[in-house]
Structure formats: structure tokens, C-alpha cells
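So you can see what is in the structure, the chains are spelled out below.
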Amino acid sequence: MENVHRKASGRGIKLKPLAGIVGTIYDLQTPFTREVELVNQKNTDFKTERVLYSAENTLSYFQKVGFHACMISPHEDRSIIDRLDMIVIPGGPDVNPNLYEQVPHPKTFFEKDGARDHFEKGIIELAIEKGKPIFAICRGLQLVNVVLGGTLHQHLPDWSTEVPHRSIEGPAAYVHKVRTAGWLKETIGEELSVNSWHHQGIDTLAPELTPLAWSPEGLIEAFEAKPDFAPIFGVQWHPEILQDKKSIDLLAVSLERIISNFKIGGDEHVKSRL
């Protein structure tokens, strides 16, 4: 990728490519806020602390195919994209349905301040303009589809109950199989057992995207951008939680295709994982 062969401090040190993972801002109790409460129980100013969050397994997933990984705040200046080799749009809150011109469903829960929606929409558009690769997971897949003109099912049980897309066994459980097509089929086989931790999904697919996997009831579970449009790949399930062999192969091959098809650098780190 274009920054793969950056040199550190002018000493000729080759750096691994850098994936920037967008985090979510939460107000949470932390070890710091609990310590404050122990010292002064009357102090209500520190009941919660504003935290930038991303699951560690998202970072380690990309590290396993030779990337450095860092977390990006939704309040970051979008010019940070120039320092990144890949943008990762991970799971998180529901996408605001105003972005696809729908009224919110009673079970749709999105950020009220819209910080992450606003930042990610802008950085997706900028990444496409600059030819930067995008890897989208769960909410990320949904948002990319929306930014490119698609729509979502706001609450999947209203559409179909055939598959429990939010498993009662938790996000790490293998829940259902997906049927694959194209290079994904060649990489991981005709069917793949996946986890599932979402209640929304793609309704209308954006015209620039091509489906690569479907759940048993026909929900799109993976896509890529059409040739010559942009280096984009997305999945609805959570391979970064599973991190089994097929999940690692999926990531490595998708990155290799981006490098080859869009002539973005030449990354020996990723190629060494294939």
C-alpha cells in the first residue's frame, strides 16, 4: 500500500502498513472513576469517564496479517487518512436511519450526537476519493452500503426469523452458515459457519457493490466494490472475534486482492501470510 515502504527517521527501516480502526465514544465507569468514588463518595463529577473504545480483538486481527493497527477517534481530523494504509469501519451502534431517509424503528438505537456516523461517512467518501482500502465489519458493512446509496432492514426479526442473527449464545458462537460466491468461495469454500451479532442488515444493496455471501434466508453477508470503483470489502459477521484459520485467510486474501487489483504498493507482510 502506498505507505508500506515509509522509512522511519530516515534510517531505512521498513514499517508495516497501518490500519486505522474507528472507535466509539462511550461514557463508562472505569478504574479511575471507581477510585475517585472510593476517595470521596459525594463526588458526582466522576461517576463516568468519556472513553474511546474498540475491542482489542479488532486490532489483533489485523496484526495477524502483518499490519500495525491503531484506533481513531470520531473527533479526529479526516486528514489522518493520509497517514493510514487502510480504514477499518468496525461494529458499533445502529446507523442513523436518517442517512437512508427512513424514520427510526422503535428498536433502532443510534448515537444521538451522530459523531461516529458523521465521521465515518466522511472518511468513507474520502477513502474512495483517494483510493484508500476500506475493510468493513458488521455496522461498517451496513454504513458503507448506506453511504453508497443502499438501505437497511432496521430490525431483522420484522423481515425474517429463520436465522437468529443476534445469538443468545453470545458473539463468539457459530450460529449459521453463509453461502459464498466468487473469490470468497474459492478461498474459504462454498459454505462457511459464522458468528452473528446484529439486528440490522442490508435491504437494498448499493449499485457499486457486489454480493459475495448470503445467509440461509437470503440476507447479504459479504460484499466487495465493483472492479475499478474502489478497494472495499465488507462482512456482516465478526471474523475478528473468531480469528480461526478461515477468518485469517479471508482477511489475508481480501487484502492481497486489493493490493493486486488496485496496484496499491506491494506488501510482503500480507503476502507472507498467504
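Enquirer: Quick question: what am I supposed to make of the overall build of the chain here?
Expert: Summing up its helical and strand segments, the chain has 8 helices and 15 strands in all. Compactness check: the chain gives a C-alpha radius of gyration of 19 Å against a globular reference of 19 Å for 274 residues, within 12% of the reference. Overall, the chain is about 60 × 55 × 35 Å in size when its C-alpha atoms are taken along their principal axes. Going through the 274 residues of the chain one by one, you find that 52% of them count as buried. Across the chain, the fraction of contacts at a sequence separation of at least 24, relative to all contacts at a separation of at least 6, is 67%. Accessible area for the chain stands at about 13100 Å²; split by element, carbon and sulfur atoms hold 51% of it. Side-chain charges of the chain comprise 30 positive and 37 negative groups, with the mean position of each set lying 5 Å from the other.

Enquirer: So what exactly am I meant to see when it comes to the sheet that holds strand S11 (residues 191–194) here?
Expert: Whenever strands of a sheet pair, they do so through backbone hydrogen bonds, lying parallel or antiparallel. The strand order across the open sheet formed by 9 strands is S6-S3-S7-S8-S15-S14-S13-S10-S11, and the pairing between neighbours is mixed. Because the sheet does not close on itself, it has two edges, and the strands there are strand S6 (68–72) and S11. Neighbour to neighbour, the strand axes of the sheet diverge by 25° on average, direction disregarded.

Enquirer: How do you make sense of the pairing of strand S10 (residues 176–180) when you look at a structure like this?
Expert: For a regular strand, side-chain orientation follows a simple rule: the groups alternate between the two sheet faces. The side-chain alternation of S10 yields one buried face, formed by His176, Val178 and Thr180, and one unburied face, formed by Lys177 and Arg179. For S10 and strand S13 (residues 209–214), the ladder comprises 2 bridges, and the chain directions are antiparallel. In the sheet register, Thr180 faces S13, and the bridge partner there is Ala213.

Enquirer: Teacher, can you tell me more about the packing of helix H3 (residues 115–130) against helix H4 (residues 139–147) here?
Expert: Helix-helix packing is described using two parameters, namely the angle between the two axes and the distance between the axes. Relative to each other, H3 and H4 sit at 65°, their axes nearing to 10 Å. Classified by the interaxial angle, the pair formed by H3 and H4 is roughly perpendicular. Crossing of H3 over H4 shows right-handed handedness. In contact with Arg116, Asp117, Glu120, Lys121, Ile124 and Glu125 of H3, H4 contributes Arg139, Leu143, Val144 and Val147.

Enquirer: Got a minute to help me understand the packing of aromatic side chains in this structure?
Expert: The geometry of an aromatic ring pair is captured by the separation of the ring centres together with the interplanar angle, meaning the angle of the planes. Scanning all chains against the criterion turns up 6 aromatic pairs. Between the aromatic rings of Trp183 and Phe233, the centroid separation amounts to 5.2 Å while the plane-to-plane angle is 55°, which identifies the pairing as tilted. Here Trp183, found in helix H5 (residues 182–188), pairs with Phe233, found in strand S15 (residues 232–235); they are 50 residues apart in sequence, far enough to count as distant. Here Trp183 and Phe233 have matching classes, each one buried. Connected via pairs of aromatic rings, a cluster forms that spans Tyr61, Phe62, Phe67, Phe135, Trp183 and Phe233. For the cation-ring pair, Lys112 lies above Phe110, with the distance from its terminal atom to the ring centre recorded as 4.3 Å. The ring of Trp197 has Arg166 sitting right over it, with the charged end atom 5.1 Å from the ring centre.

Enquirer: What is the right way to read the nonpolar core from this model?
Expert: The nonpolar side chains of a soluble globular protein tend to be buried, and buried together. Within the largest apolar cluster, 33 residues are counted, with the highest numbers of intra-cluster contacts made by Ile87, Ile134, Val144 and Ile232. Filtering out sequence-adjacent residues up to four positions away, Ile87 remains in contact with Gly20, Ile81, Ile123, Ala127, Pro133, Ile134 and Phe135. Grouped together as the second largest cluster of nonpolar side chains are 31 residues, Ile21, Met86, Val88 and Ala252 included.

About the thresholds
- Throughout, residues of each chain are indexed from 1 in the direction in which the sequence is written.
- Confidence filtering applies because this is a predicted model: local features only for residues at pLDDT of at least 70, side-chain atom pairs given and counted only at 80 or more, and all residues used for totals across whole chains, interfaces and linings.
- The basis for the side-chain values is all heavy atoms of the structure; hydrogens and waters are excluded.
- Strands here mean DSSP runs of E at least two residues long; helices mean DSSP runs of H or I at least four residues long; both are numbered from the N terminus.
- Each radius of gyration reported is based on C-alpha atoms, and the globular scaling rule is 2.2 Å times the count of residues to the power 0.38.
- Per-residue accessibility, obtained with a 1.4 Å probe over protein chains only, is compared with the maximum for each type, and a residue is labelled buried under 20%, exposed over 50%, and partly exposed between these values.
- Two residues qualify as a contact provided that any one of their heavy atoms is within 4.5 Å of a heavy atom in the partner residue.
- In these tables, accessible area is a Shrake-Rupley quantity obtained with a 1.4 Å probe, and a residue counts as shielded only by the protein chains included in the view.
- In this tally, Lys and Arg are treated as positive and Asp and Glu as negative; His is ignored, and so are the chain termini.
- For charged residues, the charge sits on one atom: NZ in Lys, CZ in Arg, CG in Asp, CD in Glu.
- When DSSP finds at least two bridges between two strands, those strands are taken to pair.
- To get an axis, a line is fitted to the C-alpha atoms, and for a helix only the part in contact is used. The angle between two axes follows their N-to-C directions and goes from 0 to 180 degrees.
- Here is the rule for angles: anything less than 35 degrees is roughly parallel, anything more than 145 is roughly antiparallel, 65 through 115 is roughly perpendicular, and the remaining ranges are oblique.
- Crossing handedness follows the turn of the near helix against the far one: under a right angle anticlockwise gives a left-handed crossing, and clockwise gives a right-handed one.
- Pairing of aromatic rings covers Phe, Tyr and Trp, the last through its six-membered ring, and needs centres within 6.5 Å; plane angles under 30 degrees mean stacked, over 60 mean edge-to-face, and all others mean tilted.
- Should the NZ of a Lys or the CZ of an Arg lie within 6 Å of a ring centre and within 35 degrees of the ring normal, that charge is described as sitting over the ring.
- We call a set of buried residues a nonpolar core when its members are Ala, Val, Leu, Ile, Met, Phe, Trp, Tyr or Cys and they connect through side-chain atoms within 4.5 Å of each other.

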